[in-house]
Amino acid sequence: MRVHVVSDVHGRADALPAAAEGADVFICLGDLILFVDYRDHSRGIMGDLFGAEAVGRMVELRTAQRFDEAREWSRSLWARLDGDRTEIVEAAIRRQYERLFAAFPTPTFLTFGNVDLPHLYPDYLRDGITLLDGQTTTIGGWRFGFVGGGLRTPMHTPYEIDDDVYAAKVAAVGEVDVLCCHIPPHLPELVYDVQARRFERGSVAILEAIHATRPRYVLFGHVHQPLTASLEIDGTRCVNVGHFNARGTPFVLEW
């Protein structure tokens, strides 16, 4: 079996077909939407609406972890626009989802990232594109579990959930060969982003599941430039599959 895994697609529909070439199965671990491009401020929903200079200021505030100021700056930008903010954002997200879901090969298994809108997914799923969250499936004789979303942070991204809700999804998956999540286990090496210069939130529940059930692999994304992309815990290989928006290439799992 050859499985290609991506995460943090953030709008890169153009790169998905090539990333799936040669794969028996394709897996996406979430964060499909591109709200803000931290490298090219003209791209993404915010760049399209407000321009690179305005977005650059917001990125500067976020990078400095001045989140309240960043939110106030964002509110000032939205105040310049006519129309309902929710409707404007949803229309932009729907345009991205339409392109992204059309680019997924079959079969694809996917889950949510913290920068996704779960309630919109049913409108874009089709035969051969399977959404799993707190659920499992068997691929080539191996059992895969999927846990989507992120934990609550000062960033207030769209799909953040309470720790106990997230832990319940991890528990529902149970023993698997491969645990697929959007966020990493809670270890400093895996959650520190060297470019953003901050710790992202990882999951203690995932770390506890590793010790308790010892899957072969735990695959995740979320941290775009991790201090460590791969390490082993009690025989489990933990792998950040990469920032697909920047790399455009998948992690390849073969057995």
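Not measured: the values here are computed from a predicted model.

Definitions and cut-offs
- Residues numbered from 1 in each chain as written.
- Predicted model: local features only at pLDDT ≥ 70, side-chain atom pairs only at ≥ 80, totals over all residues.
- Heavy atoms only, no water.
- Pairing = 2+ DSSP bridges.
- Helix = DSSP H or I, 4+ residues; strand = E, 2+ residues; numbered from the N terminus.
- Axes fitted to C-alpha atoms, helices over the stretch in contact; angles between N-to-C directions.
- Phe/Tyr/Trp six-rings, centres within 6.5 Å; stacked < 30°, edge-to-face > 60°.
- Buried < 20%, exposed > 50% of the residue type's maximum accessible area, 1.4 Å probe, protein only.

Visitor: Outline the sheet that holds strand β14 (residues 236-240), listing residues and values.
Guide: Here we have six strands laid out as an open sheet, ordered β5-β6-β9-β12-β14-β13, and mixed in their pairing. Either end of the sheet is taken by a strand with one partner, and the two such strands are β5 (135-139) and β13 (230-233). Between one strand and the next, the sheet's axes are offset by a mean angle of 20 degrees, whatever the strand orientation. Sheet topology note: the β5/strand β6 (residues 142-147) ladder contains five bridges and is antiparallel.

Visitor: Before we move on, can you summarise the packing of aromatic side chains with the specific residues and values?
Guide: Summed over all chains, the structure comprises 15 aromatic pairs. Geometrically, the ring pair formed by tyrosine 97 and tyrosine 121 is edge-to-face, given 5.3 Å between the ring centres and 75 degrees between the ring planes. With tyrosine 97 in helix α5 (residues 85-103) and tyrosine 121 in the loop between β3 (108-110) and β4 (129-131), the pair connects residues that are 24 residues apart, well separated along the chain. As far as the burial class goes, tyrosine 97 and tyrosine 121 line up, both buried. Taking the centre distance of 5.5 Å and the plane angle of 75 degrees together, the rings of phenylalanine 112 and tyrosine 159 count as edge-to-face. With phenylalanine 112 in the loop between β3 and β4 and tyrosine 159 in the loop between β7 (150-151) and β8 (160-161), this residue pair connects regions lying 47 residues apart in the sequence. Tyrosine 159 carries the same exposure label as phenylalanine 112, and that label is buried. Members of the aromatic cluster, each reached through a chain of ring pairs, are Phe26, Tyr97, Phe101, Phe104, Phe112, Tyr121, Tyr124 and Tyr159.

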